[in-house]
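Secondary and tertiary structure notes
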Amino acid sequence: MAALLGRPPQCAFDVSVAYDDGRPVVIANAPLLDDGRPMPTRYWLVDVDLRRRVSRLEGDGGVRSAEAAVDPEALAATHDRYAAERDALVSQDHRGPRPAGGVGGTARGVKCLHAHLAYRLAGGDDPVGDWVLARLGDIGVSSAVEGAATAAAPGEPASVADADGC
């Protein structure tokens with residue numbers, strides 16, 4: 001995973017979406033890094049080719065185009081669902097900073113097409129993710145992986161979980 005991220009993972013994560021051959025496409029991050037700092041981005045696109053393709057789309061003005069094409073109320077609802085899903089994983093007795101924002105750490109608008117696509121591929125209802133998929137065409141990924149193996153952060157044991165966990 002360090003090779004896909006370009007750095008060692010900083011928290012536990014699950015592979016949420018993978019190709020049929022097992023290569024990871026999307027990981028689901030824990031809401032807190034190992035050092036307790038918030039991790040606002042729950043779903044992370046790790047496939048190198050998809051990241052490159054989405055980066056080209058962003059470079060061609062895709063963020064502004066997607067934001068203009070998507071209903072603002074639907075986008076706000078997406079941010080709310082994303083935040084609620086992530087925030088539900090933070091213990092009620094946690095006494096430190098908490099993650100904030102919705103998809104990509106923002107509470108409104110579109111910040112990152114990669115984050116929206118990752119959320120959509122992991123099963124999230126995300127109109128921006130749908131917009132990205134429509135522009136990319138067939139990407140060879142259909143759905144989230146149920147019960148995927150959880151990779152642990154450095155020094156932690158690995159486990160198996162249902163799509164929680166960076």
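See the structure printed just above.
Below is a summary of the structure that appears in this document. Per chain, the residues get numbers from 1 upward, laid out in the order the sequence is written. Only residues with pLDDT of 70 or above have their local features reported here, since the model is predicted, and side-chain atom pairs are shown and tallied only from 80 upward, although totals for entire chains, interfaces and linings are computed over all residues. For the side-chain quantities, the full set of heavy atoms in the structure was used; hydrogens and water were omitted.

Quick look at the pattern of salt bridges
Side chains that differ in sign of charge can pair as their charged atoms come close. Where we set the bar: For this analysis, a salt bridge means a side-chain nitrogen from Lys or Arg found within 4 Å of a carboxyl oxygen belonging to Asp or Glu. Burial classes follow relative accessibility: with a 1.4 Å probe on protein chains only, a residue under 20% of its type's maximum area counts as buried, one over 50% as exposed, and anything between as partly exposed. Think of it this way: any DSSP run of H or I at least four residues long counts as a helix, any run of E at least two long counts as a strand, and we number them from the N terminus.
The full count for this structure, using the stated rule, is six salt bridges. The salt bridge partner of R23 is D21, with a shortest N-O separation of 2.8 Å. A relative accessible area of 54% means that D21 is categorised as exposed. R42 is paired through a salt bridge with E85; the nearest N and O atoms lie 4.0 Å apart. Taken as a pair, R42 in the loop between β2 (24-29) and β3 (43-45) and E85 in helix α4 (residues 72-87) lie far apart in primary sequence, 43 residues in all.

Details of the nonpolar core
Here is the rule: Residues grouped as a nonpolar core are buried Ala, Val, Leu, Ile, Met, Phe, Trp, Tyr and Cys residues, joined through side-chain atoms within 4.5 Å.
Counting residues in hydrophobic clusters, the biggest one holds 31 residues, and the most contacted among them are V25, V26, L45, L113 and L121. For this core, the secondary-structure elements that each account for two or more residues are β2, β3, α2 (48-59), α3 (62-69), α4, α5 (113-121) and α6 (127-136). The greatest single-element share of this core, amounting to six residues, is contributed by α5. One finds L5, F13, A18 and I27 within the second-largest nonpolar core, a separate group that totals six residues.

Considering α2
Put simply, the rule is: Expected span of a helix: the number of residues minus one, times 1.5 Å. What the arc measures is the spread of directions leading from the helix axis to the C-beta atoms. It only takes one pair of heavy atoms within 4.5 Å for two residues to be counted as in contact. Here a polar contact is recorded for every N or O atom pair within 3.5 Å, except that within protein the pair must consist of a potential hydrogen donor and a potential acceptor, and residues adjacent in sequence are included only if both atoms are side-chain atoms.
The end-to-end C-alpha separation of α2 is 16 Å, in line with the 16 Å expected for twelve residues at 1.5 Å each. Taken residue by residue, α2 has L50, V54 and L57 as its buried positions. Burial along α2 is one-sided: seen end-on, the buried residues are contained in an arc of 50 degrees. Of the surrounding secondary structure, the elements contacted by the buried residues of α2 are β2, β3, α3, α5 and α6. The N-terminus of α2 is capped by D47, whose side-chain oxygen sits 3.3 Å from the backbone nitrogen of D49.

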